[in-house]
Amino acid sequence: MNLNLVSVFLSFMVSALNEFQVWALQKPDGSLSKKLLMIISFIEGLIATQPTYLDSKRLALGPNFCCAGQVVMGEFDVIETALTSPQARTWRLGTTILDENHTPNQDVGGRNVFLLSLSDEEADGSSDHESFRKCMQNYILNDVTTERQRDATALRLLNQLGADYVEMPHGRGGTFFTNDQRGWKGFLVKYLHYVLFGLDPDDEESISLLTELHYTRMGTLHYVAGVSRILQSLNLKGHKNLSDLIEQAATIYENSPALADFEQDYSTENGMTARELAKLMTSIISIAALQGPLNLGYTAMGYHPLPAYKGRQTDDIDPTQYWDALDLDDRESVRLYLLECARLWAPVSATHRVATQSFTATIAGAERTFPKGTKVLIPISLGLLDKGFWGSTVYEFNAKRENLCPYHMGFHSVGDRSAGRICPAKDIALDMLVDVVRVVGKVRRSTF
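The following refers to the structure shown. (Residues numbered from 1 in each chain as written. Predicted model: local features only at pLDDT ≥ 70, side-chain atom pairs only at ≥ 80, totals over all residues. Heavy atoms only, no water.)

Attention now goes to the nonpolar core. Counting residues in each nonpolar core, the largest one holds 111 residues, and the members touching the most others are Ile140, Trp184, Phe187 and Leu277. Counting residues per element, this core draws most heavily on helix α9 (residues 183-197), at 10 residues. In this structure Ile140 touches Thr145, Leu196, Phe197, Ala258, Leu259 and Met281, once residues within four positions along its chain are discounted. With 13 residues, the next largest nonpolar core counts Ala24, Cys66, Ala355 and Val376 among its residues. (Core = buried A, V, L, I, M, F, W, Y, C linked by side-chain atoms within 4.5 Å. Buried < 20%, exposed > 50% of the residue type's maximum accessible area, 1.4 Å probe, protein only. Helix = DSSP H or I, 4+ residues; strand = E, 2+ residues; numbered from the N terminus. Contact = heavy atoms within 4.5 Å.)

Below, the structure is given as structure tokens:
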């Protein structure tokens, strides 16, 4: 009886929270709306980063609902349209509120070069997003980058990772996954900084500083509103002086081989400077490059169980059983294995857009109209777990499922389709992870 009462109460609270947000988002200029939406956006925004949260909300409320101060429209075709259309943006990272004063280059009083908060030109924005992204691709994600990914240095780092797997505990919670000097994290820092910037992986001073910023001090949290201020005021994880460390990292990037021949282009890149690009990359490396692959690797190599989606048995699935059965010489099979891991646990669960005109959505059985400027969550994880598209086996592991590659949404796209916001390093990240799963997989089998 008590359990039933608790269940009813929780169900009521979920519904009440949803209804309040619906009301407040329809009347965003009201003082009560502003005050309470800010609190809800902050608290629920942090909770919603848990991989099961949006799925449980959909189960309770249907495909459309409100979460963290945003309207969530969770039907596959709506998500597909959102990911392949121009987007207006604000200071959000999925459900999480960002601190605009900590983003590059506004943290030093300069102009905003933070790609994640810049709107597309076709969605009421300037040309900054397209121009700055083009500059990043020209210098960081080019043919030289691809060549480095296939050279002897990259292979040496992969082989060292395999050796670390043998020498370090690599079960759930093992130091192979948690140590930031060796193993999986140590590899990612050295490998990605070598491939992307041409930095010497044996330069202990530079690698140590970059490791400290991005992993040891948890540099990603510097960009999260509220959390970053608390860490800074209490000097937790050394965040009081993190801004100085970011500037030092930017100097390393600015002086790297990748930017050695930098030429400022006012005509097509809006005059982006080498320093602005370097500062942009300090945030991209912390938020995306060293987090997305880290977490997908965690799933693929068995560091943690799959999320326990409500009413499912997904946490009983052991992806390493499928890893151990893979033909490791078949790169495409390994790639599909990684995509299926990322489908069941998306490293990036959501993104966002800002409505450029009023719109209507059916929520809790009623049509609700929201004004221009409403924040709209794009729930990537819900698209990846949509039963209507993926079928009755949506919560099962099947790396050979139909349409896995052309309709995967894990890289802010639908397969390779987007409106220009697809993860720019998608191919680099997937090629690296394929190499990792192959090399570590072969070492793993040799130690059975």
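The subject of this paragraph is the packing of helix α7 (residues 152-167) against α9. With their axes 10 Å apart at the nearest point, α7 and α9 run at an angle of 175° to one another. Taken together, the axis directions place α7 and α9 in an arrangement best described as roughly antiparallel. Of the residues in α9, those touching α7 at Thr153, Ala154, Leu157, Leu158, Leu161 and Asp164 are Gly183, Trp184, Phe187, Lys190, Tyr191 and Tyr194. (Axes fitted to C-alpha atoms, helices over the stretch in contact; angles between N-to-C directions. Parallel < 35°, antiparallel > 145°, perpendicular 65-115°, else oblique.)

To continue, consider the sheet that holds strand β1 (residues 64-67). Here four strands make up an open sheet; going across it, the order is β1-β2-β8-β5 and the pairing mixed. Lying at the two open borders of the sheet, with one neighbouring strand each, are β1 and β5 (351-354). Between one strand axis and the next, the sheet turns through 35° on average, direction left out of account. Taken together, the four bridges between β5 and strand β8 (residues 375-378) define a ladder with antiparallel strand orientation. Bridged to Arg353 within β8 is Val376. (Pairing = 2+ DSSP bridges.)

Tracing the backbone shows Arg444 in helix α19 (residues 426-446). Taking the relative accessible area as the measure of exposure, Arg444 reaches 14% and is therefore buried. Sequence separation between Arg444 and Phe20 is 424 residues, and the spatial gap between their C-alpha atoms is 52 Å. When sequence neighbours within four positions are dropped, the list of residues in contact with Arg444 reads Tyr165, Thr320, Trp323 and Asp324. A distance of 2.6 Å separates a polar atom in the side chain of Arg444 from a polar atom in the side chain of Asp324. (Polar contact = N/O pair within 3.5 Å; in protein donor to acceptor, adjacent residues only side chain to side chain.)

The next thing to look at is unusual backbone geometry. Residue Asn105 is bonded to the preceding Pro104 through a cis peptide linkage, with omega at 0°. Looking at where Asn105 falls in the secondary structure, it is placed in the loop between β4 (96-97) and α5 (128-139). The residue Asn235 is not glycine, and still its phi comes out positive at about 55°. When you line up the elements, Asn235 lands in the loop between α11 (227-234) and α12 (242-254). One non-glycine residue with positive phi stands out, namely Asn403, at about 70°. Residue placement: Asn403 occurs in the loop between α18 (387-390) and α19. Under the relative-accessibility criterion, Asn403 is labelled partly exposed at 30%.

This paragraph deals with a nonpolar patch on the surface. A contiguous nonpolar patch, built from Trp23, Leu32, Leu36, Ile39, Ile43 and Ile47 and spanning about 520 Å² of accessible area, is present on the exposed surface. Counting residues per element, the nonpolar patch draws most heavily on helix α2 (residues 31-47), at five residues. Inspection of the secondary structure puts Ile43 in helix α2. Classification of Ile43 as partly exposed rests on a relative accessible area of 46%. (Patch = residues over 30% accessible without salt bridge, like charges linked within 9 Å, V, L, I, M, F, W, Y side chains within 5 Å. Areas by Shrake-Rupley, 256 points an atom, 1.4 Å probe, with all protein chains shown as cover. Salt bridge = Lys/Arg side-chain N within 4 Å of Asp/Glu carboxyl O.)

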